[in-house]
Amino acid sequence: MSEFFSSRLSSLTPYTPGEQPRGRKYIKLNTNESPFPPSEAVIEAIADEAKSLNLYSDPSLTELRAALAATYGVAPENVIASNGSDEALNFITMAYADKGFAFPDITYGFYPVFCTLNRVNYREIPLKDDFSVDVEAFMSAPENVMIANPNAPTGIALPLSDVERIVSADPGRIVVIDEAYVDFGGESAVKLIGKYRNLIVVGTFSKSRSLAGGRLGFALAAPELIADLDAIRFSTNPYNVNRLTLRAGAAALKDAEYYKNNALTIIANREYTAERLREMGFEALPSKANFLFIRSDKIEGAELYARLRDRGVLVRHFTKPRISYYNRVTIGSRAEMDAFLSETEEILNEIR
Ligand SMILES: *Cc1c(COP(=O)(O)O)cnc(C)c1O
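Reference entry: report on the structure contained in this document. Since the structure is predicted, the reported quantities are computational estimates derived from the model, not experimental observations.

1. Some thoughts on helix 8 (residues 243–254)
Thought 1: When the terminal C-alpha atoms of helix 8 are compared, their 17 Å separation across 12 residues agrees well with the 16 Å that a helix rising 1.5 Å per residue should span.
Thought 2: Against helix 1 (40–49), helix 2 (62–72) and helix 9 (256–279) lie the buried residues of helix 8.
Thought 3: Sitting at the amino-terminal end of helix 8 is N242, which places a side-chain oxygen 2.9 Å from the backbone nitrogen of L244.

Given below as structure tokens:
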């Protein structure tokens, strides 16, 4: 950092995104993207909208809000859209700073980054030994709560009844449920929005809707909370979602069938991969997401990661002590998973 950098940000450790390699072609199983392209209608909508890029996007997000409301059975006043769900999470930490936030020790690495950036206190509550969320500890936490469900990088999902216990335990604090992976088998908390005015459900188009590069996320909540987030949005970037992405998002929602089938394929590939890995002696945590969190007594996480990388397969390794023995493997096409499995098998044979 230069000597000009704000001293109040001296403790900031920026989020480290997964590698997006240029040059060598990898089998890319490291950032939980979809192996499927956007639907034809989405590509056409983007091409058509490109003609209007001389104009700013709609700051009210009217059409996409209406489309999201229809998809999730809420009113447009319950919806805000964002530049990736990361932006919604950033807005949320800005908006609800007073009580600070509690989240699991093992979860999405952006939560502590947003808190530090916005100078919001946070506390990490350890996952239990089986990597499940400690529901009782979150019920009694005095802070606002942020939970990814299914969680990342574990893939473990919390039943809706447990989410409701946490939300209802204290109506005086905000509970954020980050449902980035919900379409791969989790239970959504969207149906609780009408019942609890302290609940925010965050979603993304980056995973099940094949739009990671388009940057589109959203939050669903009571109208007063959406008004809070809109106040932050209009104070940061009223044109936060660009024209191409607004059109792409609305078109993707209309193609629900296509994306639903893709999610079912990913789920089938996940179960197939988990079974093959268990046959090879790996432990795979029970995942409801588009990735598996795996470990083997035969090889350390960092070494498997490096050896797979040498062979052209990228997975994600985290150095945090509690999970350094593991790797997170995104579920891709069947061909990609077969390639990953055979390389992994060869690596195990090599080190034996
Ligand atoms: C991928 C992911 C996001 C979303 O990122 P975008 O900004 O929408 O691409 C949010 N939360 C979790 C837990 C994720 O894994």
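2. Here we look at the nonpolar core
Thought 1: Ranked by internal contacts, the top residues of the largest apolar core, which has 51 residues, are F138, I166, L199 and F205.
Thought 2: With five residues, the top contributor of residues to this core is helix 8.
Thought 3: Lining this core are residues from two domains, each supplying at least three of them: domain 1 (7–37 + 257–351) and domain 2 (40–255).
Thought 4: With sequence-adjacent residues up to four places away left out, I166 is seen in contact with V135, F138, M139, V145, I147, L158, R173 and V175.
Thought 5: Among the nonpolar cores identified, the runner-up in size contains 28 residues, and A263, I266, M337 and L348 belong to it.

3. So, the pattern of salt bridges
Thought 1: The final tally for this structure, using the stated rule, is 25 salt bridges.
Thought 2: Across the pair R309 and E19 runs a salt bridge, and its minimum N-O distance is 2.4 Å. Taken as a pair, R309 in helix 10 (residues 301–310) and E19 in the segment before strand 1 (27–28) lie far apart in primary sequence, 290 residues in all.
Thought 3: On the accessibility criterion, R309 (27% relative accessible area) is partly exposed.
Thought 4: Exposure remark for E19: the relative accessible area of 27% places this residue in the partly exposed category.
Thought 5: Between R295 and D297 there is a salt bridge, and its shortest N-O distance comes to 2.6 Å.
Thought 6: One continuous salt-bridge network, built from bridges that share partners, spans E303, R307, R311, E343, E346 and E350.

4. Some remarks on the site of the ligand
Thought 1: Neighbouring residues of the ligand: G84, S85, D86, Y108, D178, A180, Y181, T204, S206, K207 and R215.
Thought 2: Backbone polar atom of S85 to an oxygen atom of the ligand: 2.7 Å apart, as the coordinates give it.
Thought 3: Within the side chain of T204, a nitrogen or oxygen atom sits 2.6 Å from an oxygen atom of the ligand.
Thought 4: With the chains in place, 93% of the 390 Å² that the ligand exposes on its own is no longer accessible.
Thought 5: Here the shell around the ligand gets three residues from one element, more than from any other, and that element is helix 3 (residues 84–95).
Thought 6: Here the residues of the shell around the ligand are counted per class, giving three nonpolar, four polar and four charged.

5. Considerations on the side chain of S39
Thought 1: Relative to the helices and strands, S39 is located in the loop between strand 1 and helix 1.
Thought 2: Look at S39 and you get buried, because its relative accessible area is 3%.
Thought 3: Reaching out from S39, the side chain makes a polar contact with the side chain of D255 at a distance of 2.6 Å.
Thought 4: Excluding residues that lie within four positions of it along the chain, S39 makes contacts with D255, Y258 and Y259.

6. Digging into the sheet that holds strand 9 (residues 283–284)
Thought 1: Strand order in this open sheet of three strands is 9-10-12, and the pairing throughout is antiparallel. The sheet terminates laterally at strand 9 and strand 12 (327–330), the two strands that pair on one side only.
Thought 2: Inspection of the sheet shows strand 9 paired to strand 10 (residues 291–295) by two bridges, in the antiparallel sense. Within strand 10, the residue paired with A284 across the bridge is I294.

7. Some words on the packing of aromatic side chains
Thought 1: Applying the stated criterion to the full structure yields 14 aromatic pairs.
Thought 2: The interplanar angle of 85° and the centroid separation of 5.5 Å between the aromatic rings of F131 and Y326 together place this pair among those described as edge-to-face. Separated by 195 residues along the polypeptide, F131 in the loop between strand 4 (122–125) and helix 5 (135–139) and Y326 in the loop between strand 11 (313–314) and strand 12 bring together distant segments of the chain.
Thought 3: Measuring from centroid to centroid gives 4.9 Å for Y258 and Y259, while their planes differ by 85°, and the two rings are edge-to-face.
Thought 4: By the ring-pair criterion, three or more aromatic residues cluster together here, those being Y15, F103, Y108, F110, Y111, F114 and Y122.

8. Observations concerning the sheet that holds strand 2 (residues 79–82)
Thought 1: Read from one edge to the other, the open sheet built from seven strands follows the order 2-8-7-6-5-3-4, with strand pairing classed as mixed. Both edges of this open sheet fall to strand 2 and strand 4, since each of them pairs with a single strand only. Each strand axis lies, on average, 20° off the axis of its neighbour in the sheet, ignoring direction.
Thought 2: Across five bridges, strand 7 (residues 199–204) lies against strand 8 (residues 217–221) in antiparallel orientation. Note that in strand 8 the partner of V202 across the bridge is A219.
Thought 3: Strands in contact with helix 2 are strand 2 and strand 8; relative to strand 2, the strand with the most contacts, it is inclined by about 120°.
Thought 4: Where helix 3 meets the sheet, it contacts strand 2, strand 3 (101–104), strand 5 (144–148), strand 6 (175–178), strand 7 and strand 8, and its direction lies at approximately 155° from that of strand 7.

Rules behind the numbers
- Residues numbered from 1 in each chain as written.
- Predicted model: local features only at pLDDT ≥ 70, side-chain atom pairs only at ≥ 80, totals over all residues.
- Heavy atoms only, no water.
- Helix = DSSP H or I, 4+ residues; strand = E, 2+ residues; numbered from the N terminus.
- Expected span 1.5 Å × (residues − 1).
- Contact = heavy atoms within 4.5 Å.
- Polar contact = N/O pair within 3.5 Å; in protein donor to acceptor, adjacent residues only side chain to side chain.
- Core = buried A, V, L, I, M, F, W, Y, C linked by side-chain atoms within 4.5 Å.
- Buried < 20%, exposed > 50% of the residue type's maximum accessible area, 1.4 Å probe, protein only.
- Domains from an automatic or database assignment.
- Salt bridge = Lys/Arg side-chain N within 4 Å of Asp/Glu carboxyl O.
- Near = heavy atom within 4 Å.
- Areas by Shrake-Rupley, 256 points an atom, 1.4 Å probe, with all protein chains shown as cover.
- Nonpolar A, V, L, I, M, F, W, Y, C, P; charged D, E, K, R; others polar.
- Pairing = 2+ DSSP bridges.
- Phe/Tyr/Trp six-rings, centres within 6.5 Å; stacked < 30°, edge-to-face > 60°.
- Axes fitted to C-alpha atoms, helices over the stretch in contact; angles between N-to-C directions.

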